[in-house]
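One letter stands for each residue in the lines below.
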Amino acid sequence: MSVVTRIAPSPTGDPHVGTAYIGLFNHTLARQGGGKFILRVEDTDRNRYVPDSEKRIFQMMAWLGLTPDESPLQGGPNGPYRQSERFDLYGDYARRLVASGHAYYAFETAEELTALRAAAQAAGHVIAVPSRDLDPAAAQTRVEAGEAAVIRLRVPAAGETVVNDLLRDPIHFQNREIDDKVLLKADGFPTYHLANVVDDHLMGVTHVVRAEEWITSTPIHVLLYRAFGWHEPVFAHMPLLRNADKSKISKRKNPTSVEWYQQQGFLPEAMLNFLATMGWTHPDGLEVFDLEEFGRVFRLQDVTLGGPVFDQAKLRWYNGKYLREVLSADEVARRLHAFLAGQKTELPYDDYFRAVVRLMTPRLEVFSEFLEKTPYFWSETYPVTEKAQAAIDGARDLLPELAATLKNVPTFDAAGIKAAFAAFAEQKGLKLGKVMPPVRAAVAGTMESPDLPELLATLGRDRVVSRIVKMGS
RNA sequence: GGCCCCAUCGUCUAACGGUUAGGACACUACCCUUUCAAGGUAGCGAUACGGGUUCGAAUCCCGUUGGGGUCACCA
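Here's a quick rundown of the structure. The structure displayed is predicted, hence computed values, not measured ones.

The rules behind each value
- Residues numbered from 1 in each chain as written.
- Chains lettered and ligands numbered in written order.
- Predicted model: local features only at pLDDT ≥ 70, side-chain atom pairs only at ≥ 80, totals over all residues.
- Heavy atoms only, no water.
- Helix = DSSP H or I, 4+ residues; strand = E, 2+ residues; numbered from the N terminus.
- 1 Å grid on protein atoms, 1.4 Å probe; cavity = no way out; pocket = protein on both sides within 12 Å on 5 of 7 lines; lining within 4 Å.
- Points joined across faces, edges and corners; volume = space filled by probe spheres on them.
- Axes fitted to C-alpha atoms, helices over the stretch in contact; angles between N-to-C directions.
- Parallel < 35°, antiparallel > 145°, perpendicular 65-115°, else oblique.
- Left-handed = near helix turned anticlockwise from the far one by under 90°.
- Contact = heavy atoms within 4.5 Å.
- Nonpolar A, V, L, I, M, F, W, Y, C, P; charged D, E, K, R; others polar.

1. A few points about unusual backbone geometry
Cis geometry marks the peptide bond from Gly-79 to Pro-80; its omega dihedral reads -5°. Among the secondary structure elements, Pro-80 is positioned in the loop between α2 (53-64) and α3 (87-99). You will see that Lys-246, though not glycine, has its phi angle at about 80°, which is positive. Positionally, Lys-246 belongs in the loop between β9 (234-238) and α8 (258-264).

Written as structure tokens, this is what we have:
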């Protein structure tokens, strides 16, 4: 049997890193099994719906390269893939459950439920919904008369429901501790539980891989599969990504929008690699590996269950690693150029740009650091740090001579410049540490910059000489 | 609070009854060096606690503690 997985995000806000995380595992699992990976939009809550959210989720998945096989965008044989467009389906299925006695119409108002809940909590048991005991025919009549009602699942009063999770021992839930969840709201929309189960079944989903926060609602889903007489899928609940304090990852304590990481100049490859190590390790101890390699060796059973802290420092390390060891120099330049263009900074994509990028790559973790670290490459009005100014002031007498020397270097490349410095120092009886820093300070305005001969060669003779003359006078 | 899940360095994790408990990030030194990085070398640093089972326990069992999740006509 081939594997069918899915992610089912709700379009309620920013494209979440947790969606990317779960998406990565579902995508990979489907690819391994030669199966399908579905993206289904769960937009059944009209109050929380955010119009452009869905589009941004698609963009996030595309950026990461986790392309679904079926989705609202590309369609597929099991569409539509937006629950709002499957509206009629859910009412039919809910009523089917009412007819079979597995569900019932309930008429309690919000106020009544609040009171009921308070009483139930005080008594230490789950809420008992009075409508559960109504005569079905009478209830039917009230509904037909137009009275507002929801449809609730009739959870067995006794016994237990066992959830089989691929990653842990069977989980036993006492039925008396599960309340009669609403399946169909008064507005006719389904709740998550109903829509999710109906769609997973109709779409042929074989493996439900989702976050741990769903464990407690899984017995409800199991009960639904049984009530419908359907086969339940394999469940696997992934650990929750955490903040540094171990709580569930949240906007307040961590950037959770993948767009933020995109804007900071993180690479999708690095993000994916990092995410793959949350709860899983490469069997050979590899730290750096791509999606393909991940798919080659990943096994769901190897996922660890401790909640992994989302550590930005490690993500940044991964990003730097990809910049200097995985991507080619040309690729880094191309991507950085595209990144800058996206940030409304247009620089010519030429040899000069590529040379600067090559020099800066080992000094970069994310693209957003690039411009702030390289002002002197783009303008003659770069800032001069206090330290740099001191270096310049301490070598006023030397600077004009150095300018003259550099002006006459036969070939203005790194080797030629290096030789010129050596000759100059020798002739003056000075150490290189005396003659190079002032030049660096003058041409860059900062002591933190690339190898000096290469830096000078990249800037070019004219710029270098005029800067030294200007700063040294 | 009820129910449920989880528990190895600060962080991500390896170990699948027998290892000086390994690696990576971070941190600290040192090397390289004209600065900052990168790179190299080294160091720091963990089996939450208490009982069992066993010749032998990070690993199996029980309890405690701790952390987390969940208890909506949200997903």
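2. A closer look at the layout of surface pockets
The calculated volume of the largest pocket comes to roughly 1100 Å³. In terms of lining, the largest pocket is formed by 41 residues, of which the most central are Pro-9, Ser-10, Thr-19, Glu-213 and Trp-214. Looking at the lining of the largest pocket, the elements that each hand over two or more residues are β1 (4-7), α1 (17-32), α2, α6 (192-202) and β8 (207-211). Of the residues forming the lining of the largest pocket, the biggest block, four residues, is contributed by α1. Of the volumes computed, that of the second largest pocket is approximately 260 Å³. Around the second largest pocket, the lining is made up of 13 residues, and of these Trp-63, Gln-262, Phe-266, Arg-335 and Phe-339 lie nearest the centre. Where the lining of the second largest pocket is concerned, the elements lending two or more residues are α8 and α12 (329-342). A total of four residues in the lining of the second largest pocket trace back to one element, the largest contributor, which is α12.

3. Quick notes on the packing of helix α17 (residues 398-407) against helix α21 (residues 461-472)
For any two helices packed against each other, one specifies the crossing angle of their axes together with the interaxial distance. Look at α17 against α21: their axes get within 9 Å of each other, and the N-to-C directions meet at 165°. Put simply, α17 runs roughly antiparallel to α21. As for how α17 packs across α21, the hand of that crossing is left-handed. Seen from α17, the contacting residues are Leu-399, Ala-403, Leu-406 and Lys-407; seen from α21, they are Arg-461, Val-464, Val-465, Ile-468, Val-469 and Gly-472. Here the contact of α17 with α21 is composed, by residue class, of seven nonpolar, one polar and two charged.

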